[in-house]
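Survey of secondary and tertiary structure
So you can see what is in the structure, the chains are spelled out below.
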Amino acid sequence: MNRAALIFGLLLVVAFPLSLLAGKVWIDPASTPNAALILAEIRLPRSVLALIVGAGLGAAGAAMQGYLRNPLADPGLFGIAPGAALGAVTAIWFGLTANAFVLPLFALVGAGGAMALLAAIAGRSASGLGRGIALFTLAGLMVASLAGALTALMISLAPNAFAMSTIVLWLNGALTDRSWQEVIIAAPLTLVGIVLLIVAGKALDALILGEEVARSLGIDPRALLWLLIGGVGLTVGAGVAVAGIIGFVGLIVPHLVRPLTDGRPSQLLVPSALAGALLVLVADSVVRVLPLVTEIRLGIALSLLGAPFFLYLLVRMRRGWA
Amino acid sequence: MSLRAENLTVIGRLANVSCSLERGGITAICGPNGAGKSTLLMALAGLLSADTGRAMLGEERLVSLHLKQRARRIGYLPQSADIAWDVTVRSIVELGRMPHGDSAREPVDTAIAALDLEAFEGRRALTLSGGERARMLLARVLAGEPEWILADEPLAALDIAHQLTLLAHLRRQADGGSGVVIVLHDLALARNHADRVIVLDEGRVAADDIPQRALSEEVIAKVWGVAARWIGEPGAQALVSDLSV
C-alpha cells in the first residue's frame, strides 16, 4: 500500500465515527434517546453512502485524468453523469418516485444509455494514430451536451411547479434521507467499477509517454477504452443514481493525492478512492452541522468549496510554470 | 530473424516499399520531409497497418503477433516525447518492462547504468535537460531488452556531444546483436555512423545500400534537389552544399 493510501485510510478511520455522531443533533451514544436506532437507520447508511459515492468519484477522476493525460479532466467529460441525471429527471417528471428503487433505476438506465452511445462510437473509432483519445473525448462532450439539453428541456416542460422544484433540487446532489436501499444499489456497482479502473491502472501508466508508446508497449487502446467506459460508467452512474450530481470531487481529489505519490496514474487510483470518500464524508458532515434553517445541498456545498480551491490550484500551477 | 517490409503501401504515404533488415547493425532511414520515414518506421514497429503489403518479423506478420509478444521483441521510440506526469526517471525506465509484465530490477538497473543515468534515477522526469531526457527515453526502450530498437529522430534537438553519446549507445546495442533502425535527418550522421541507409522519396525507396552509395552526391541531388559534396575522411565526413544552386 502506498503512502497516500495509508494517510487517507487513517483519516477515514478517524472521520467515519465522527461523521456518525455529527448532525443538527449531536449524538451521545450513552445518553441520546434511541441512539442505536438513529445510528443504524439514519446516520450509518448516509455515511456509508457518502463513502461509496466519494470513492467512486475519486477513483473515476484519477482514471480520467490519467486516460486523457490532463490534470483538468473530470469524470463528467464522458457524459455519463448527465446521462444518469437525465434518467433520474425522467422518473421525477413522470411522478415515478413513490418506490425508492425507481429513480435510481432510471438513472442507471440513463448512465447505461450514455455508456452504450460511447461504446458505439468507440467501436467505430479507429484504434490509434494519436487521434483516438481526442475524438473520443469530443464524443463524450457531445453526449454530455445532449443529455444536458434534454434535461433542460424536461425542466422547462415540467408538468407542475412541484415537479420542477423537485428536479432542480435533485440535480444539486445530496445524501439527505438516504437509507440502506441506496447503499444496496450503489455499493456493488461502485465496487465493480473501481475494480475495473484498478485493472486499467498499468495501461494508464503506459500513457504517460503518449498513445503511440503505450501501443508499442503492448497496450490495446480499445480494451483500455472499454475498461474506462465500464469503470467510469459504473462508479459515476451509481453515484448519480443515489445522490444526484456531485461535482468537483473527481476533479479535485487527484490533485490532493498526486503530491503524495510518485505521480503514476496507477498509484493514484486507490488513494483517490479513499480521498474522495473522505472528502464527501466530511463535506456531508459539515452540511449537517451548519446552523441553517434548511440543510445546504451537498452538491452546492462541494461546488462552493471546490471552485475556490481549484482556482487556488490553478494559480499555483501557473506559478510553477512561470 | 529479419524485420521486413514486403510491398508496403499506406495510401498517400508509402508506395510499394520493400526492405529486409537484419540484426546486428544500425540502419538509418533518410529522406526529405514527408517522404514517409516515420510511417515506414511505425509500420515496421507494427503500430500501423498497411493498406496493401505487409510487415514481417521472421515468418510472422507483425499485425497478427500478440501485442505483448510484439512489444517484447520491438522497442519503439517516437519522435515526440511528451511526458504527461512528472514521475521519476526510474518510473519512466520501468515502463519498458511492461510487455514482460514485471518490473525486474536487473534490466532496469542495466539500462539506467548503460545510459549513465544512475545519478538521475530519483529525479523528476520534467526537470531533466534535453540530453538527459533523450537518454532516459532510450533507457526506457533498453529496459525491455528488445531484439529491435526502432527510433524516430532520436538525435533531433540534441547538441553534437549528446548526439554522439546517444549514437555510441545505439552502436553498443547493435554490436550486442540488436537490430537498430533510426530515422535521421542529418545525412552526415547517417553516412558516418550507419551500416546501411534506406533513402525514401515521396513514399518510395530511392536507395537502399551502404551509406557511401545510398547517400552519394548523385542521390542527394536527385532526392533532395541539392547540389552538395562530401568532404573529409571516410567515417568523419561533412556535407557541404553550394547555396547558389
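Residues numbered from 1 in each chain as written. Chains lettered and ligands numbered in written order. Predicted model: local features only at pLDDT ≥ 70, side-chain atom pairs only at ≥ 80, totals over all residues. Heavy atoms only, no water.

The name an unreviewed UniProt entry gives chain B is ABC transporter ATP-binding protein, with Qipengyuania atrilutea as the organism. What UniProt states about chain B under its Function (unreviewed entry) heading is, verbatim, "Part of the ABC transporter complex HmuTUV involved in hemin import. Responsible for energy coupling to the transport system." (UniProt positions renumbered as here; feature names shortened; annotations may be inferred.)

Labelled according to an unreviewed UniProt entry, chain A appears under the name Iron ABC transporter permease, originating from Qipengyuania atrilutea. Its UniProt record gives chain A a comment under Sequence similarities (unreviewed entry), which states: "Belongs to the binding-protein-dependent transport system permease family. FecCD subfamily."

All names here are of chain A. At a minimum axis distance of 9 Å, the contact between helix H1 (residues 3-21) and helix H12 (residues 265-289) shows a crossing angle of 25°. In terms of orientation, H1 lies roughly parallel with respect to H12. The hand of the H1/H12 crossing is left-handed. Where H1 abuts H12, its residues Ala-4, Ala-5, Phe-8, Gly-9, Leu-11, Leu-12, Ala-15, Phe-16, Ser-19 and Leu-20 lie against Val-270, Pro-271, Leu-274, Ala-275, Ala-277, Leu-278, Leu-281, Val-282, Ser-285 and Arg-288. When the residues that make up the contact of H1 with H12 are grouped by side-chain class, the tally is 16 nonpolar, 3 polar and 1 charged. (Axes fitted to C-alpha atoms, helices over the stretch in contact; angles between N-to-C directions. Helix = DSSP H or I, 4+ residues; strand = E, 2+ residues; numbered from the N terminus. Parallel < 35°, antiparallel > 145°, perpendicular 65-115°, else oblique. Left-handed = near helix turned anticlockwise from the far one by under 90°. Contact = heavy atoms within 4.5 Å. Nonpolar A, V, L, I, M, F, W, Y, C, P; charged D, E, K, R; others polar.)

Turning next to the interface of chain B and chain A. Contact with chain B, which involves 28 residues of that partner, is made by 26 residues of chain A. Note on chain B versus chain A: buried area summed over both sides is about 2,200 Å², and carbon and sulfur give 64% of it. It is Trp85(B), Leu95(B) and Met98(B) in chain B that bury the most area against chain A; as a group they hold 32% of the surface buried on that side. For the pair chain B and chain A, the interface holds 1 salt bridge. (Buried area = accessible area lost by both parts, 1.4 Å probe. Salt bridge = Lys/Arg side-chain N within 4 Å of Asp/Glu carboxyl O.)

To continue, consider the pairing of strand E4 (residues 52-57) of chain B. All names here are of chain B. Across 5 bridges, the pairing between strand E1 (residues 3-10) and E4 is antiparallel. Note that in E4 the partner of Leu-3 across the bridge is Leu-57. Where E4 meets strand E5 (residues 60-61), 2 bridges bridge the pair, whose relative direction is antiparallel. The residue bridging Met-56 from the neighbouring strand is Arg-61, located in E5. (Pairing = 2+ DSSP bridges.)

Attention shifts here to the state of the cysteines. Two cysteines joined by a covalent bond between their sulfur atoms form a disulfide. For the coordinates displayed, the defined rule picks out 0 disulfides over all chains. A disulfide-free cysteine, Cys19(B) has its sulfur positioned 13 Å from the sulfur of Cys30(B), the nearest such atom. (Disulfide = S-S within 2.5 Å.)

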